[in-house]
Amino acid sequence: MKLKSGKLSEEQAIQVSKWKYEDEYKIYNLPGWETMIKEQYSLCDDLKRERFTSFVNEENELIGFINLLDEGDSIFFGIGINPKYCNKGIGKMITKLALYECKHKYPNKPVILEVRTWNKRAVNCYKSQGFEIIEVKQQETYIGKGEFYVMRCLNK
């Protein structure tokens, strides 16, 4: 699959709000767009959405997105994959593209992410792209407390 990158538009962000994951991955389902606006999600903010990159296929279907946040001494990496394309290697492909972008945009800064410890599918994806677990932490989320790995990839 060939992917084309671009800025994540509001229309695409609304699509993301409608993605529905199944089984244990349901916790990644977002509330409706109006709720997200009220709760000030980054996806709803034109300025914050500037740091998001979308990835579309040949049919211009939104396959996934990344969020790269420069935190000074590191880059915080977030990713979302269209549920139709999960577990098909797309996450690896998009993570690789994100790391390439970081290498050129933010040379010599490590890339950091957080992932739930039970999400082996994502953990394996990140490990395959050079991330390593550097910390385990408990964190409060909008759905309650969760255990997360903090992972780092040295951006060389």
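Being a predicted model, the structure only gives us computed values, none of them experimental. (Residues numbered from 1 in each chain as written. Predicted model: local features only at pLDDT ≥ 70, side-chain atom pairs only at ≥ 80, totals over all residues. Heavy atoms only, no water.)

> Please clarify how the sheet that holds strand β3 (residues 62–70) should be interpreted in this entry.
Note on sheets: strands pair through backbone hydrogen bonds, and any given pair is parallel or antiparallel. Sheet architecture is open: seven strands sit in the order β1-β2-β3-β4-β5-β7-β6, paired in mixed fashion. Of all the strands in the sheet, just β1 (4–7) and β6 (132–141) have a single pairing partner and so form its edges. Put simply, the sheet's adjacent strands are angled 30° from each other on average, direction ignored. (Pairing = 2+ DSSP bridges. Helix = DSSP H or I, 4+ residues; strand = E, 2+ residues; numbered from the N terminus. Axes fitted to C-alpha atoms, helices over the stretch in contact; angles between N-to-C directions.)

> Would you take a moment to explain the pairing of strand β5 (residues 111–116) for this structure?
The side chains of a regular strand alternate, residue by residue, between the two faces of the sheet. Across the six residues that make up β5, a large majority, five, are buried. Handedness of the crossover is the feature at issue here: the chain leaves strand β4 (residues 75–81), passes through helix α3 (residues 90–105), returns alongside β5, and the resulting connection is right-handed. (Buried < 20%, exposed > 50% of the residue type's maximum accessible area, 1.4 Å probe, protein only. Right-handed = clockwise from strand over helix to strand, strands pointing away.)

> For this particular structure, what's the right way to read helix α1 (residues 10–18)?
Three- or four-residue spacings in an α-helix give side chains the same orientation, since the helix completes a turn every 3.6 residues. Residues of α1 that are buried: Q12, A13, V16 and S17. Along α1, the residues classed as buried sweep out an arc of 150° about the axis, all on the same side. Facing away from the buried side of α1, by more than 90 degrees, are the exposed residues E11 and K18. (Arc of directions from axis to C-beta.)

> How should I be thinking about the packing of aromatic side chains in this particular structure?
Aromatic ring pairs: the centre-centre distance and the angle between the two ring planes describe each pair. On inspection of all chains with the given rule, the structure shows eight aromatic pairs. Residues F77 and Y126 carry aromatic rings whose centres are separated by 6.4 Å and whose planes lie at 85° to one another, so their mutual orientation is edge-to-face. Here the residue F77 occupies a position in strand β4, and Y126 occupies one in helix α4 (residues 120–128), the gap between them amounting to 49 residues. Note on accessibility: F77 and Y126 belong to one class, buried. Between Y126 and F131, the aromatic rings sit 5.9 Å apart at their centres with planes inclined by 65°, giving edge-to-face as the arrangement. (Phe/Tyr/Trp six-rings, centres within 6.5 Å; stacked < 30°, edge-to-face > 60°.)

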